[in-house]
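# Coordinate inspection notes
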Amino acid sequence: MANKVWAFVDQFKGKALPASWEVVYTGRKLADQMGTGLAAVVIGSGVQDLAQTAIQYGADEVFLADDPSLDDYRANAYAAVLAQAASQGEPEIVLFPTSTRGREMAGMAAVDLNTGVLVDVVAMELEGDQLVATRPVYAGKLLSKVVCKGRPQLVTLRARAFEKPVADASRTGTVTATPAAMAEDEIKVKVMGYEKAEAGVSLTDASVIVSGGRGTSNNPKLDPPADVTDEAEVEIWKAQQGFKLIGDLASVLGGAVGASRAAVDAGYIPYSHQVGQTGKVVSPDLYIANGISGAIQHLAGMRSSKVIVAINKDPDAPIFKYARFGVVADLYEILPHLTAAMKERLDK
Amino acid sequence: MKIIVCVKQVPDSAATMSVDNGKVSWGDAPLVINPWDEYAVEAALRLTEEHGGDVVALSLGDENAKEAIKHALAMGCSEAILVNDPAMAGADTQAVARVLAAAIQKIGDADVVVFGKQAIDSDVGATPAMVARLLGWPALTLVSQISEVNGSSIKAERTMEEGRQQVEAGLPAVLSIVKDYGEPRYPSFIGIRKASRAQVPEWTAADMGITAPEAMVAWPEVMEPPARQIANEIIEGGSPEEIAAKLADKIMEEKVL
Ligand SMILES: Cc1cc2nc3c(=O)[nH]c(=O)nc-3n(C[C@H](O)[C@H](O)[C@H](O)COP(=O)(O)OP(=O)(O)OC[C@H]3O[C@@H](n4cnc5c(N)ncnc54)[C@H](O)[C@@H]3O)c2cc1C
Ligand SMILES: Nc1ncnc2c1ncn2[C@@H]1O[C@H](COP(=O)(O)O)[C@@H](O)[C@H]1O
């Protein structure tokens, strides 16, 4: 019997995104509901071990395209492998993580397979073989039900929106070698180099995020070193002291550091930390906002967090309306104590 | 160089969205150019400033899309085209991509087609990849820097979650631009005057020799998210140390760690 549900394992340099296993695990549940099997798709070079992990998370079969030409991620080459395999295997549903790779690969595969793609789905139900999915639109200000009229139904799942995956080391499955689908001169893209980003927990996968806003630079008591004289530099230097406190709390909580756009635009912290409508949309279990006013564009990116804590000097800051717990105070006064108190309670 | 930049019109990011009788409403918020597309226009203009050539702004939408187009013209694009066809009303991403690809072919001779990263209304982020696939061109998405362009290839840096990747692609190519590229310019006074006088040709699907593609995705319902009941609690009283200790206890009680 052919496996009618497929799950794409998004990996980079041999490391799978945590969201990939959520997708495999969710695919397993869907396949059981439909009375069919689950196939995972692993594409890369030297990625055999990921095929085994996919089996542990629920795959019955793994289409493994392991080829030197697939070492570097190139969207068209990867999408072509997936689309070619799908046009032969005829799945009903193909799931992807909502990563940037997931979005573009699903898009390209939709073109090849002449079907539709449902992006960034946060919930779904089965009606027979038809998925009825829910996805946020307008940065989560509204929700839309969506259905795919073509086949296969291509769906990208938002990270952390579905059940936490559990691996079962005793599971077994088959691995089917799958060929690369594009010749080098058709791909037309060469990867010349790569620099790894600073290490740290990725915002979208984080279960705890501690964020800072423009308020991080507001501490008149701080004295910058003598060589920092320029007004803008002083502001950035101060904000960086605030972000140090934020980073300390984040590391005690095992979380990631986020920021408002005002903090990013002012040069306090790189854009990769920006949360919001034009940054990352996140929904951690715990979001601690420090010196962030709560503009609608920021709220759009974090409103669905389970527990929101706000520390802000201004009692009228809009962020307090969305916060489970609020502290009206200077972040510089609270954060060091909060970090110490959390450390004590988490027994670290 | 001939560059096409795809711009979409969207409700302002500050809009409060609601659903009235099943229809999406943004109240009296203005319609604006998709914020990500401003970076795309900036990249397109800088390319022609360095290498010569023209930028054509392309948008699919109804009469309303003129604001996005005007903004692109005011920033410095030399021409614009609006694809406006009532048959495209329920278009999904692939239908949009097919129409944009047809328009790009009708405009002809493009070396580079530049996109924003994502539209802030539909939040899909797949249109650039789809258009590239339809045209059979390479896609360099999430571009933060363009380092070199010559007659037949482009070198750029992509900013991904995992790091920065230096890539080279043959031309013609599709690019999508991210914020790290650099701030978009403000429209100049002269630019705004020019834009307000510009004649923007409108094309239908038939003008491009295609029939409006059928949507593969349907959205039977749009809803406002269920209101979340948040029990706000202000932690106060005592020294910062005492407040921090209280807050820490409260956080622990939530059992999210
Ligand atoms: C198209 C568009 C897209 C946007 N996208 C985003 C986005 O993705 N993400 C985003 O965040 N924003 C976005 N914005 C910007 C948004 O509108 C706000 O300007 C921004 O979120 C404000 O950041 P902030 O809260 O840090 O700064 P502010 O609004 O200036 O707030 C600073 C807060 O810090 C408090 N404060 C000051 N000092 C202290 C202190 N010592 N201790 C404690 N509190 C203190 C103040 O009371 C104030 O509430 C976007 C805007 C536009 C137009
Ligand atoms: N209707 C449209 N007209 C012109 N360009 C569009 C349109 N829709 C999407 N785009 C382009 O595609 C990018 C990604 O959009 P999306 O895939 O819908 O998130 C946008 O930033 C635009 O550059």
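Before reading further, recall that the structure is shown in the block above.
Since the structure is predicted, the reported quantities are computational estimates derived from the model, not experimental observations.

A few words on the interface of chain B and chain A. On the chain A side, the residues contacting the 80 residues of chain B number 90 residues. Together chain B and chain A conceal approximately 7200 Å² of surface at their shared face, both sides included; 60% is due to carbon and sulfur atoms. At the surface where chain B touches chain A, the tally comes to eight salt bridges. A salt bridge links E233 of chain B to R324 of chain A; the shortest N-O distance between them is 3.5 Å. Inspection of the chain B/chain A interface yields 45 residue pairs in polar contact (both at pLDDT 80 or more). Ranked by residue count, the leading element in the side of chain B that touches chain A is helix α6 (residues 240-253) of chain B, at 11 residues. Taken together, the residues that form the side of chain B that touches chain A break down as 45 nonpolar, 14 polar and 21 charged.

Residue and element names in this part refer to chain A. Counted at 1.5 Å a residue, the expected span for helix α4 (residues 100-113) with its 14 residues is 20 Å, and the 20 Å between its end C-alpha atoms agrees. In terms of burial, α4 is largely enclosed, as 12 of its 14 residues are buried. Positive phi shows up at N114, right after α4, with a value of about 50 degrees.

Quick look at the side chain of T98 of chain A now. All names here are of chain A. Within the secondary structure layout, T98 lies in the loop between β6 (93-97) and α4. Only 2.8 Å separates the side chain of T98 from the side chain of T156, close enough to count as a polar contact. Once you skip the residues sitting within four places of it in the chain, T98 turns out to touch R103, D120, V121, T156, L157 and R158.

Here we take up the pairing of strand β1 (residues 2-6) of chain B. Residue and element names in this part refer to chain B. Most of β1 sits inside the fold, with four of its five residues counted as buried. Summarising the sheet, β1 and strand β6 (residues 54-60) pair through five bridges and their orientation is parallel. Within the sheet, the bridge partner assigned to V5 lies in β6 and is A57.

Around ligand 1, a shell composed of 27 residues is seen, among which R214, S260, T278, S293 and Q297 of chain A lie nearest. Surrounding ligand 1 are residues belonging to chains A and B, so the site spans chains. Residue Q274 of chain A places a side-chain N or O atom 2.9 Å away from an oxygen atom belonging to ligand 1. N312 of chain A is positioned such that a nitrogen or oxygen atom in its side chain is 2.7 Å from an oxygen atom of ligand 1. Bound to the protein, ligand 1 loses 81% of the 990 Å² it would expose on its own. Going through the elements one at a time, α7 (261-265) and α8 (296-302) of chain A are the ones with two or more residues in the shell around ligand 1. Here the shell around ligand 1 is composed, by residue class, of seven nonpolar, 15 polar and five charged.

All names here are of chain A. A complete count under the given rule lists 31 salt bridges over all chains for this structure. Among the ionic pairs, D285 bridges to R160, the shortest N-O distance being 3.1 Å. Here R160 lies in the loop between β11 (153-157) and β12 (174-177) and D285 lies in the loop between α7 and β16 (286-290), a separation of 125 residues in the sequence. Under the relative-accessibility criterion, D285 is labelled buried at 16%. Relative accessible area serves as the criterion here: at 23%, R160 is assigned to the partly exposed category. E333 serves as the salt-bridge partner of K221, at 3.8 Å between the closest nitrogen and oxygen. On the criterion of sequence distance, the pair formed by K221 in the loop between β14 (208-212) and α6 (231-253) and E333 in helix α9 (residues 331-345) is long-range, its members being 112 residues apart. A cluster of three or more residues bridged by salt bridges with shared partners is formed by R28, D32, D60 and R171.

Each value, and the rule that gives it
- Residues numbered from 1 in each chain as written.
- Chains lettered and ligands numbered in written order.
- Predicted model: local features only at pLDDT ≥ 70, side-chain atom pairs only at ≥ 80, totals over all residues.
- Heavy atoms only, no water.
- Contact = heavy atoms within 4.5 Å.
- Buried area = accessible area lost by both parts, 1.4 Å probe.
- Salt bridge = Lys/Arg side-chain N within 4 Å of Asp/Glu carboxyl O.
- Polar contact = N/O pair within 3.5 Å; in protein donor to acceptor, adjacent residues only side chain to side chain.
- Helix = DSSP H or I, 4+ residues; strand = E, 2+ residues; numbered from the N terminus.
- Nonpolar A, V, L, I, M, F, W, Y, C, P; charged D, E, K, R; others polar.
- Expected span 1.5 Å × (residues − 1).
- Buried < 20%, exposed > 50% of the residue type's maximum accessible area, 1.4 Å probe, protein only.
- Pairing = 2+ DSSP bridges.
- Near = heavy atom within 4 Å.
- Areas by Shrake-Rupley, 256 points an atom, 1.4 Å probe, with all protein chains shown as cover.

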